[in-house]
Amino acid sequence: MFVCFQVSALFREAVKRRIILRFALGGCTNRPFYKLVVANRRRARDGPYIENLGSYDPMPNSEGERLVAVNVNGIKRWLGSGAEVTLPVAKILGLGGILPLHPMSITAAERKRRKSA
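Residues numbered from 1 in each chain as written. Predicted model: local features only at pLDDT ≥ 70, side-chain atom pairs only at ≥ 80, totals over all residues. Heavy atoms only, no water.

Student: How do you make sense of the overall build of the protein chain when you look at a structure like this?
Tutor: In terms of regular secondary structure, the protein chain is built from four helices and five strands. Helices and strands in the protein chain line up, N terminus first, as α-β-β-β-β-α-β-α-α. Across the 117 residues that make up the protein chain, the buried fraction comes to 23%. For the protein chain, contacts bridging at least 24 residues in sequence account for 31% of all contacts bridging at least 6. Put simply, the protein chain shows about 8,700 Å² of open surface, and 57% of that area lies on carbon and sulfur atoms. (Helix = DSSP H or I, 4+ residues; strand = E, 2+ residues; numbered from the N terminus. Buried < 20%, exposed > 50% of the residue type's maximum accessible area, 1.4 Å probe, protein only. Contact = heavy atoms within 4.5 Å. Areas by Shrake-Rupley, 256 points an atom, 1.4 Å probe, with all protein chains shown as cover.)

Rendered as structure tokens:
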């Protein structure tokens, strides 16, 4: 016996919320390296992911820069389909101009400026 029912908008929203953009840790001891991935929220941090959208190297290079490489079209596509973003990813994408600037980024910059002055 089969029962026909209409899938509610609430159910569809719950399914969409399972997808998240987050950093997956790579690298080795004392040399972290992160991949920006699209993954299921319930999977492990470094577990299997749906798509790799970029990378982030938090260790400064010889010029003192931290390198970020992202697939902007892929990020916009996943955000448009309802994927959520973790706080560290939101901060990086805000600094890159892809998302609005996160308030904590502004606060941290002000504290650093006051400390150096």
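Student: I would appreciate a short explanation of helix α4 (residues 103–116) in the present structure.
Tutor: Because an α-helix completes one turn every 3.6 residues, residues spaced three or four positions apart along the sequence face the same direction. Here α4 is 14 residues long and its end C-alpha atoms lie 20 Å apart, about the 20 Å a rise of 1.5 Å per residue gives. The buried fraction of α4 amounts to one of the 14 residues, a small share that puts the element mostly on the outside. (Expected span 1.5 Å × (residues − 1).)

Student: Whenever I open this one, the sheet that holds strand β2 (residues 31–40) confuses me. Can you help?
Tutor: Strands in a sheet are paired, the pairing made by backbone hydrogen bonds, and the direction either parallel or antiparallel. Taken in spatial order, the five strands line up as β4-β3-β2-β1-β5 in an open sheet, and their pairing is mixed. Among the strands making up the open sheet, the edge pair consists of β4 (67–70) and β5 (84–85). Pairing of strand β3 (residues 51–57) with β4 involves four bridges; the strand directions are antiparallel. Considered in β4, the bridge of Asp-57 is made with Leu-67. Along the sheet, helix α2 (residues 72–80) makes contact with β1 (19–28), β2, β3, β4 and β5, crossing β3 at roughly 120°. Against the sheet, helix α3 (residues 87–95) touches β1, β2, β3, β4 and β5, its axis set at about 90° to β1. (Pairing = 2+ DSSP bridges. Axes fitted to C-alpha atoms, helices over the stretch in contact; angles between N-to-C directions.)

Student: Looking at this model, I keep getting lost on the pattern of salt bridges. Mind explaining?
Tutor: Once their charged atoms are close, side chains differing in charge can pair, the charge on each being opposite to the other. Under the criterion given, the structure shown has four salt bridges. Asp-57 is the salt-bridge partner of Arg-31, the closest N and O atoms lying 3.0 Å from each other. Taken together, the residues Arg-31 in strand β2 and Asp-57 in strand β3 connect sequence positions 26 residues apart. Residue Glu-51 pairs with Arg-77 through a salt bridge whose shortest N-O separation is 3.1 Å. With Glu-51 in strand β3 and Arg-77 in helix α2, the pair connects residues that are 26 residues apart, well separated along the chain. Judged by its relative accessible area of 47%, Arg-77 falls in the partly exposed class. (Salt bridge = Lys/Arg side-chain N within 4 Å of Asp/Glu carboxyl O.)

Student: Would you take a moment to explain the nonpolar core for this structure?
Tutor: Across soluble globular proteins, nonpolar side chains have a tendency to be buried as a group. Counting 13 residues, the largest nonpolar core has Leu-21, Leu-53 and Trp-78 as the members making the most contacts within it. Contributing elements (two or more residues each) for this core: β1, β2, β3, α2 and α3. (Core = buried A, V, L, I, M, F, W, Y, C linked by side-chain atoms within 4.5 Å.)

Student: Can you walk me through the environment of Ile-98 in this structure?
Tutor: Mapped onto the elements of the fold, Ile-98 is located in the loop between α3 and α4. By relative accessible area, which is 23% here, Ile-98 ends up partly exposed. The sequence separation of Ile-98 and Val-72 amounts to 26 residues, and the corresponding C-alpha distance is 7.5 Å. Those residues within four positions of Ile-98 in sequence are excluded, and the remaining contacts are Val-70, Val-72, Ile-75 and Leu-93.

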